[in-house]
Amino acid sequence: MDPKPARRVRLTASFRSFIESEAAGGIILMAVAALALILANSPLREEYFGILKTYIGGLSILHWVNDALMAVFFLLVGLEIKREMISGQLSNWSRRALPGFAAVGGMIVPALIFLAFNDGETSRGWAIPSATDIAFSLGVLSLLGSRVPLSLKVFLTALAIIDDLGAVIIIALFYTEGLNIPALAGVAAVFTILMIMNMMGIVRLWAYLVLGVILWILVFKSGIHATIAGVLLALAIPMQGLKGEADSPLLQLEHAIQPWVGFLIVPIFGFANAGVSFGGVSLANLADPVPLGVAAGLFVGKQVGVFSFAWLAIKLRLAERPSGASWLQMYGVATLCGIGFTMSLFIGLLAFANSPLLQDETKLGVLLGSLLSAVFGAFLLSLSSGRSRRT
């Protein structure tokens, strides 16, 4: 045993709470995804799909889940990104370097692998395997207990947060069509008002939330995907309260919605979108360009991209290897990054909005790639010879 004490990983209370809640939420997500698959291939499949297609208030239940509930998910993502960039695990270069390099590699390599299998219409799905599902991956990590040092959980969480930021930018830039200019002008006006309120030191959370609802409606009508409203609202929520960060509107809102997102919204999304019927699908379909590109991008592209870019950053002394973590553990975590469930399914729905067949093939690829990544990543981590003590 190394006589030098391992350097402690200092975490904010909110970041530690975030890791713990995401891990538990990931386990629930696994269960509801399995349930959705069972229902979609059972005698109850007509009822399952029928409920999702039921219209309420001009939108189907599936659209309410993907456009409205997921806006709250993206609001939480935006709050987490802002908090970590200002005063958390991504607040300076030394903390951003390793997860930043790894995240870039984890977005580029999977996209290139997908494009190697796809061209023409299906190339539109290039971003599908570029996402990491933080809840699912942390859920798998939590099942391994002391075999994984806390520093690696911090690394994975920071990487996934940067990854989510990349996904938000990709959605805004590449999956937006038919812009409604008047509605877009309204979005700009409401966002400007929100930022002015922030600069004026207004800390009444309800005022931001009321304008946030208006912002969501305008974004929904603008042609930009409605979930982007959640990120825009998060950027305007103040990080400082009357007594500093402790009572800031950002932390209040984050703590209020975090359990709802982790234990209700994301599981509902998984339940509504993971159900794919295998009735008209055979093993031969897995060799089609879309499922093959998605599965290979997630399982091969993610582990290669994340690990190689992280290794390069460490060897070039641009970053340090997580405390107490071996290279095998690093590779295991890189493999877990191939669990792209929530965000990959979401991007797939946007990429192939007009093709139910390609959406189903995307789901097959996401399920296969994520399953292989979870199993192989857990296997690699279970091979770790020494059990790192928690810090």
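Predicted model only: the values in this text are computed from it and were never measured.

### Regarding the overall build of the protein chain
Scanning the protein chain for helices and strands turns up 14 helices and two strands. Within the span of the protein chain, comprising 391 residues, buried residues form 55% of the whole. Pairs at least 24 apart in sequence give 82% of the contacts found in the protein chain among residues at least 6 apart. Accessible surface, the protein chain as shown: approximately 16900 Å² in total, 69% of it carbon and sulfur.

### Some thoughts on the side chain of Q329
Tracing the chain through its elements places Q329 in helix 12 (residues 327-336). For Q329, a relative accessible area of 2% corresponds to the buried category. Of the polar contacts made by the side chain of Q329, one reaches the backbone nitrogen of S326; its length is 2.9 Å.

### Points about the packing of aromatic side chains
Using the criterion set out here, one finds 11 aromatic pairs in the structure. Where F74 meets F346, the ring centres are 5.5 Å apart and the plane angle is 45°; that geometry is what we call tilted. Pair noted here: F74 is in helix 3 (residues 61-87) and F346 is in helix 13 (residues 341-351), with a separation of 272 residues, a long-range link. The buried category is assigned to F74, whose relative accessible area is 0%. Centre to centre, the rings of F307 and Y331 are 5.0 Å apart; their planes meet at 80°, and the pair counts as edge-to-face. Here Y331 lies in helix 12 and F307 lies in helix 11 (residues 289-315), a separation of 24 residues in the sequence.

### A short note on the pattern of salt bridges
The full count for this structure, using the stated rule, is two salt bridges. We note a salt bridge from R83 to E254, for which the minimum N-O separation is 2.5 Å. Of the two residues, R83 is situated in helix 3 and E254 in helix 10 (residues 249-273); the sequence distance between them amounts to 171 residues. Note on E254: relative accessible area 0%, which makes it buried. Salt-bridge contacts for K302 lead to D163; the nearest nitrogen and oxygen are separated by 2.9 Å. Here the residue K302 occupies a position in helix 11, and D163 occupies one in helix 6 (residues 150-174), the gap between them amounting to 139 residues. Comparing K302 with D163 shows no difference in burial state: the two are buried.

### Some points on helix 4 (residues 93-117)
Helix length check: helix 4 (25 residues) gives 36 Å between terminal C-alpha atoms against 36 Å at 1.5 Å per residue, within 8%. Along helix 4, the sharpest kink reaches roughly 25°, centred on P99.

### Points about helix 13
Within helix 13, 11 of the 11 residues are buried, which leaves it mostly tucked inside the rest of the structure. Along helix 13, the positions that sit buried rather than exposed are F341, T342, M343, S344, L345, F346, I347, G348, L349, L350 and A351.

### What about the packing of helix 5 (residues 134-144) against helix 6?
Interaxial distance between helix 5 and helix 6 falls to 10 Å at its minimum, and their mutual angle equals 170°. By the criterion of interaxial angle, the relationship of helix 5 to helix 6 is roughly antiparallel. Together, I134, S137, L138 and L141 of helix 5 and K153, L156, T157 and A160 of helix 6 make up the contact between the two elements. Looking at side-chain class alone, the contact of helix 5 with helix 6 contains five nonpolar, two polar and one charged residues.

### Focus on the environment of G223
Residue position: G223 is located in the loop between helix 8 (205-222) and helix 9 (228-236). Taking the C-alpha atoms as reference points, G223 and N180, 43 residues apart in sequence, are found 6.0 Å from one another.

### Quick word on the confidence of the model for the protein chain
On average, the protein chain scores 84 in pLDDT, and the residues at 70 or more come to 88%. Taking the mean pLDDT of every element in the protein chain, the minimum, 75, falls on helix 1 (residues 13-40) and the maximum, 95, on helix 11. Note that residues 1-9 has pLDDT below 50 and, in this model, eight contacts with residues that lie over four places away or in other chains. For the stretch residues 386-391, pLDDT sits under 50, and the model shows 15 contacts to residues farther than four places along the chain or on other chains.

### Description of a nonpolar patch on the surface
Taken together, W93, W311, L312, L316 and L318 make up a surface patch of nonpolar side chains, about 530 Å² in accessible area. Inspection of the secondary structure puts W311 in helix 11. Judged by relative accessible area, W311 falls into the partly exposed class, the value being 39%.

### Comments concerning the environment of L264
When you line up the elements, L264 lands in helix 10. Linking L264 and L29, residues 235 residues apart in sequence, is a C-alpha distance of 9.4 Å.

### Focus: unusual backbone geometry
One non-glycine residue, R317, adopts positive backbone phi at about 60°. Take R317: it is sitting in the loop between helix 11 and helix 12.

### Focus on the packing of helix 3 against helix 13
Between helix 3 and helix 13, whose axes approach to 13 Å, the crossing angle comes to 140°. Between helix 3 and helix 13, the angle is such that the two are oblique. The two elements helix 3 and helix 13 meet at a crossing, and its hand is left-handed. Of the residues in helix 13, those in contact with N66, M70, F73 and F74 of helix 3 are T342, M343, F346 and L349. Per-class residue counts for the contact of helix 3 with helix 13 are six nonpolar, two polar and no charged.

Rules behind the numbers
Residues numbered from 1 in each chain as written. Predicted model: local features only at pLDDT ≥ 70, side-chain atom pairs only at ≥ 80, totals over all residues. Heavy atoms only, no water. Helix = DSSP H or I, 4+ residues; strand = E, 2+ residues; numbered from the N terminus. Buried < 20%, exposed > 50% of the residue type's maximum accessible area, 1.4 Å probe, protein only. Contact = heavy atoms within 4.5 Å. Areas by Shrake-Rupley, 256 points an atom, 1.4 Å probe, with all protein chains shown as cover. Polar contact = N/O pair within 3.5 Å; in protein donor to acceptor, adjacent residues only side chain to side chain. Phe/Tyr/Trp six-rings, centres within 6.5 Å; stacked < 30°, edge-to-face > 60°. Salt bridge = Lys/Arg side-chain N within 4 Å of Asp/Glu carboxyl O. Expected span 1.5 Å × (residues − 1). Bend = angle between axes of the 7 residues up to and from the residue. Axes fitted to C-alpha atoms, helices over the stretch in contact; angles between N-to-C directions. Parallel < 35°, antiparallel > 145°, perpendicular 65-115°, else oblique. Nonpolar A, V, L, I, M, F, W, Y, C, P; charged D, E, K, R; others polar. pLDDT = per-residue confidence, 0-100. Patch = residues over 30% accessible without salt bridge, like charges linked within 9 Å, V, L, I, M, F, W, Y side chains within 5 Å. Left-handed = near helix turned anticlockwise from the far one by under 90°.

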